[in-house]
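Per-entry structural report
Below are the chains, spelled out letter by letter.
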Amino acid sequence: MSDLTADQLWTSMTELLTGHRQDTGNDLPGAELVVTEDEQEVFLAALARHARRDRDESMVIWIRPLVASAGTHGGLPVFDLSIVRRRALHVVAAQVSKGGLDLELVTGQHARVQPARGSRLSMLQDFDTWMTTLPLEQRIAAEALDSD
């Protein structure tokens, strides 16, 4: 299996984030991120449906891992963007594998972007709901991933 180009990486990433070709029944599909170091899982989180390619480095992709909800307000989920902050994946090599995307990171860690399941899929759906409650300007700013 060969390494992906920056354009192929971007296409594969956005397809996973938006649930392209995923079948989850009645649930709207999406993606989760699993990071391992020395074959030990060190991070697991759902990923918001928005991403951004870095303007200066083609193999850097900005994402928003959904690590925690801030609770509920009026029966709807609430998130705090200072907690679910944008993060950059500095990719050295990427390959499509078994319905997911395997990434080697500049840190030496391995990351896998794969279809979201279980509690991560629920977290993603809660985040989607919360995003619909934001004013348009705030939603656009959150999706741009260019500031915290």
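Everything below is about the structure shown above.
Residues numbered from 1 in each chain as written. Predicted model: local features only at pLDDT ≥ 70, side-chain atom pairs only at ≥ 80, totals over all residues. Heavy atoms only, no water.

In this section: the packing of aromatic side chains. Given two aromatic rings, their pairing is described by the distance between the two centres and the angle made by the two planes. Applying the stated criterion across every chain, the model contains three aromatic pairs. For the pair Phe79 and Trp130, a centre-to-centre distance of 5.9 Å together with 55° between the ring planes defines the contact as tilted. Pair noted here: Phe79 is in the loop between β7 (76–78) and β8 (87–97) and Trp130 is in helix α2 (residues 118–132), with a separation of 51 residues, a long-range link. Of the residues examined, Phe79 reaches a relative accessible area of 4% and is grouped as buried. Look at Trp130 and you get buried, because its relative accessible area is 7%. Note on Phe127 and Trp130: the rings are 5.6 Å apart at their centroids and 45° apart in plane angle, and the pair reads as tilted. Of this pair, Phe127 and Trp130 both sit in helix α2, three residues apart, which is roughly one turn of the helix. For Phe127, a relative accessible area of 1% puts it in the buried group. One aromatic cluster is present, built from ring pairs that chain together Phe79, Phe127 and Trp130. Over the ring of Trp62 we find Arg86, and its NZ or CZ is 4.2 Å from the ring centre. (Phe/Tyr/Trp six-rings, centres within 6.5 Å; stacked < 30°, edge-to-face > 60°. Helix = DSSP H or I, 4+ residues; strand = E, 2+ residues; numbered from the N terminus. Buried < 20%, exposed > 50% of the residue type's maximum accessible area, 1.4 Å probe, protein only. Lys NZ or Arg CZ within 6 Å of the ring centre and 35° of its normal.)

Strand pairing within a sheet occurs via backbone hydrogen bonds; the two strands may be parallel or antiparallel. Ordered in space as β3-β4-β8-β9-β10-β1-β2-β5, the eight strands form an open sheet in which the pairing is antiparallel. Each edge of the sheet is formed by a strand with only one pairing partner; in this case those strands are β3 (52–53) and β5 (65–66). Bridging between β3 and strand β4 (residues 60–63) involves two bridges; their strand directions are antiparallel. From the neighbouring strand, Arg52 faces β4, where its bridge partner is Trp62. Contacts from helix α1 (residues 6–18) reach β1 (31–37), β2 (40–47), β3, β4, β8, β9 (100–105) and β10 (110–115) within the one sheet, and its direction differs from that of β9 by about 130°. (Pairing = 2+ DSSP bridges. Contact = heavy atoms within 4.5 Å. Axes fitted to C-alpha atoms, helices over the stretch in contact; angles between N-to-C directions.)

Attention now goes to the environment of Leu136. As for its placement among the helices and strands, Leu136 is situated in helix α3 (residues 136–144). Between the C-alpha atom of Leu136 and that of Ala88, which follows or precedes it by 48 residues, the distance is 24 Å.

Looking now at the side chain of Asp102. Position of Asp102 relative to the elements: it lies in strand β9. The class of Asp102 is buried, set by a relative accessible area of 17%. Among the polar contacts made by the side chain of Asp102, one reaches the side chain of Ser97 at a distance of 3.2 Å. Setting aside anything within four residues of it in sequence, one finds Asp102 in contact with Ala93, Ala94, Gln95, Ser97, His110, Ala111 and Arg112. (Polar contact = N/O pair within 3.5 Å; in protein donor to acceptor, adjacent residues only side chain to side chain.)

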